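# Summary of structural features
Here is how the chains run, residue by residue.
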Amino acid sequence: MNAHLKIHQLSEQLNTVIVGKSSQISDCVGCLLAGGHLLIEDVPGVGKTTLAHALARSFGLQFSRVQFTADLMPSDLVGVSIYERGREAFVFHPGPVFAQVLLADEINRASPKTQSALLEAMEEKQVTVEGSTRALPNPFFVIATQNPHDQLGTYALPESQLDRFHMRLSLGYPDRVAERELLRGAERRELIEQLPAVLSAPELAQLQRSVSQIHSAEAVLEYLQDLVAATRSGRWFVQGLSPRAALAVLRAAKAQAFLCGRDYVAPDDIAAILPQTAAHRLTARSDAGRGALEQVRAMLDAVPLP
């Protein structure tokens, strides 16, 4: 398998569905190659769910889609045991979480109780139902979409839930050229149905192993620790990044380096992915006058490169 040819084919295919968003698509691919879960946050109608569908189909993985609503219960996700008279026993019926890719559409429209049903699945790749622990398929990804918190009928994701997502991305509105291409082109749903699988599950596992073997020099690790220490200093944020978050940043940087065709992590890789990987885990100080994403970028400018 020519790894970089496969990645190029994958990116080109995704760019035919979501036009004008090549950098966000690259981040999405890198997130999944790093083995992380992906949160796409934006206003309705800019292609969040379309991108999630296209990612699942292009990676060639079994997937299921769940529309999160206020009345969705945890058992609707993980499954439930039902008594079957013919067997004279309770039989477990697995829910949609038992898929290689779970598309959690508008995840913040469900209650916190239902949102929390994903915590064990996203961290441990297993679910515990009625005292029994059941392993999820391998690989297992959650690609979730989220509406802005100021919209009606939304529940803010708790910090523990946000921490399970490797990256949070925003698509934004398309530029004029990209929107004209959308207006002239075919219906996006029709394009998704025609997408072939570019990768298989074994090929994806091989790519993930390649990403994990990307070298990170001591100077790069020192730079990452400097950035993590800056988040904990109290100057920029209320609370800093955890060790788990630091590991997530490093994995994302390795994926970034792999996508650039390098076998080592550069400081620029850390800087390029830090806003997407760290901002949703942080809360800016109240006197900062800007959000967490802008605060991360300001911090990057203040921390010197090695």
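Quick caveat, the model's predicted, so the values are computed rather than measured. (Residues numbered from 1 in each chain as written. Predicted model: local features only at pLDDT ≥ 70, side-chain atom pairs only at ≥ 80, totals over all residues. Heavy atoms only, no water.)

## So, the overall build of the chain
Each helix and strand in the chain was counted, giving 14 helices and nine strands. For a compact globule of 306 residues, the expected C-alpha radius of gyration is about 19 Å, and the chain comes in at 20 Å, within 12% of that figure. Within the chain, buried positions represent 50% of all 306 residues. For the chain, restricting intrachain contacts to residue pairs at least 6 apart in sequence, the fraction spanning at least 24 positions comes to 75%. (Helix = DSSP H or I, 4+ residues; strand = E, 2+ residues; numbered from the N terminus. Rg over C-alpha atoms; globule rule 2.2 N^0.38 Å. Buried < 20%, exposed > 50% of the residue type's maximum accessible area, 1.4 Å probe, protein only. Contact = heavy atoms within 4.5 Å.)

## Brief notes about the packing of helix α1 (residues 3–17) against helix α3 (residues 48–58)
At a closest axis distance of 10 Å, the pairing of α1 and α3 adopts a crossing angle of 150°. Here α1 is positioned roughly antiparallel relative to α3, judged by the angle of their axes. The crossing of α1 and α3 is right-handed. Residue-level inspection shows L10, Q13, L14 and V17 of α1 in contact with α3, the latter providing T50, A54, L55 and S58. Broken down by class, the residue content of the contact of α1 with α3 amounts to five nonpolar, three polar and no charged. (Axes fitted to C-alpha atoms, helices over the stretch in contact; angles between N-to-C directions. Parallel < 35°, antiparallel > 145°, perpendicular 65-115°, else oblique. Left-handed = near helix turned anticlockwise from the far one by under 90°. Nonpolar A, V, L, I, M, F, W, Y, C, P; charged D, E, K, R; others polar.)

## A few points about α3
Counting buried positions along α3 yields nine of 11 residues, so the element is predominantly enclosed. Those residues of α3 that fall on the buried side of the exposure criterion are K48, T50, L51, A52, H53, A54, L55, A56 and S58. Taken from the residues just after α3, G60 is the one with a positive phi, measuring 65°.

## A few points about the packing of helix α11 (residues 218–232) against helix α13 (residues 267–278)
Pairs of packed helices are described in terms of their axes, by the angle between the two and the distance that separates them. For the pair α11 and α13, the least separation of the axes is 9 Å and the interaxial angle reads 30°. By the angle between their axes, α11 is roughly parallel relative to α13. The hand of the α11/α13 crossing is right-handed. Along its contact with α11, which presents V220, Y223, L224 and L227, the element α13 presents P267, I270, A271 and L274. Its residues assigned to classes, the contact of α11 with α13 comprises eight nonpolar, no polar and no charged.

## Quick look at the nonpolar core
By size, the foremost hydrophobic cluster in this structure holds 69 residues, and its most contacted members are L38, L55, F59, I143 and I270. Sorting elements by how many residues they give to this core places helix α12 (residues 243–259) first, with nine residues. (Core = buried A, V, L, I, M, F, W, Y, C linked by side-chain atoms within 4.5 Å.)

## Considering the pairing of strand β3 (residues 79–84)
Bridge analysis of β3 against strand β4 (residues 89–94) gives six bridges, and the strand direction is antiparallel. Paired with I82 across the two strands is V91, which belongs to β4. As consecutive antiparallel partners, β3 and β4 are separated by four residues, and within that stretch E88 has a phi angle of approximately 55°, a positive value. (Pairing = 2+ DSSP bridges.)

## Some details on the environment of A205
For A205, the location among the structural elements is in helix α10 (residues 201–212). Classification of A205 by relative accessible area gives partly exposed; the value is 27%. Sequence separation of A205 and N138 is 67 residues, and the distance between their C-alpha atoms is 9.3 Å.

## With respect to the packing of aromatic side chains
Under the definition given, this model contains one aromatic pair. Each ring, one from F92 and one from F98, has its centre 6.0 Å from the other, and the planes form 70°; the classification is edge-to-face. A cation over a ring is seen here: R134 above F92, with NZ or CZ 3.9 Å from the ring centre. Lying over the aromatic face of Y264, R262 brings its terminal NZ or CZ to 5.3 Å of the ring centre. (Phe/Tyr/Trp six-rings, centres within 6.5 Å; stacked < 30°, edge-to-face > 60°. Lys NZ or Arg CZ within 6 Å of the ring centre and 35° of its normal.)

## Observations concerning the sheet that holds strand β9 (residues 165–169)
With parallel pairing, five strands are arranged side by side in an open sheet as β2-β5-β8-β1-β9. At either margin of the open sheet sits one strand with a lone partner, and together these are β2 (63–67) and β9. Neighbouring strand axes in the sheet, compared pairwise and without regard to direction, differ in orientation by 15° on average. Bridging between strand β5 (residues 101–105) and strand β8 (residues 141–146) involves four bridges; their strand directions are parallel. Counterpart to L102 in the pairing with β8 is V142. Running at roughly 175° to β9, helix α2 (residues 22–33) makes contact with β1 (37–41), β8 and β9 of the sheet.

## Quick look at unusual backbone geometry
With omega at 0°, the peptide bond leading from N138 into P139 counts as cis. Here P139 shows up in the loop between β7 (132–135) and β8. Phi is positive for E106, close to 55°, though the residue is something other than glycine. Mapped onto the elements, E106 comes out in the loop between β5 and α5 (112–115). One non-glycine residue, K125, lies in the positive phi region at around 55°. Residue position: K125 is located in the loop between α6 (119–124) and β6 (126–129).

Read these as spatial facts, not as claims about activity.
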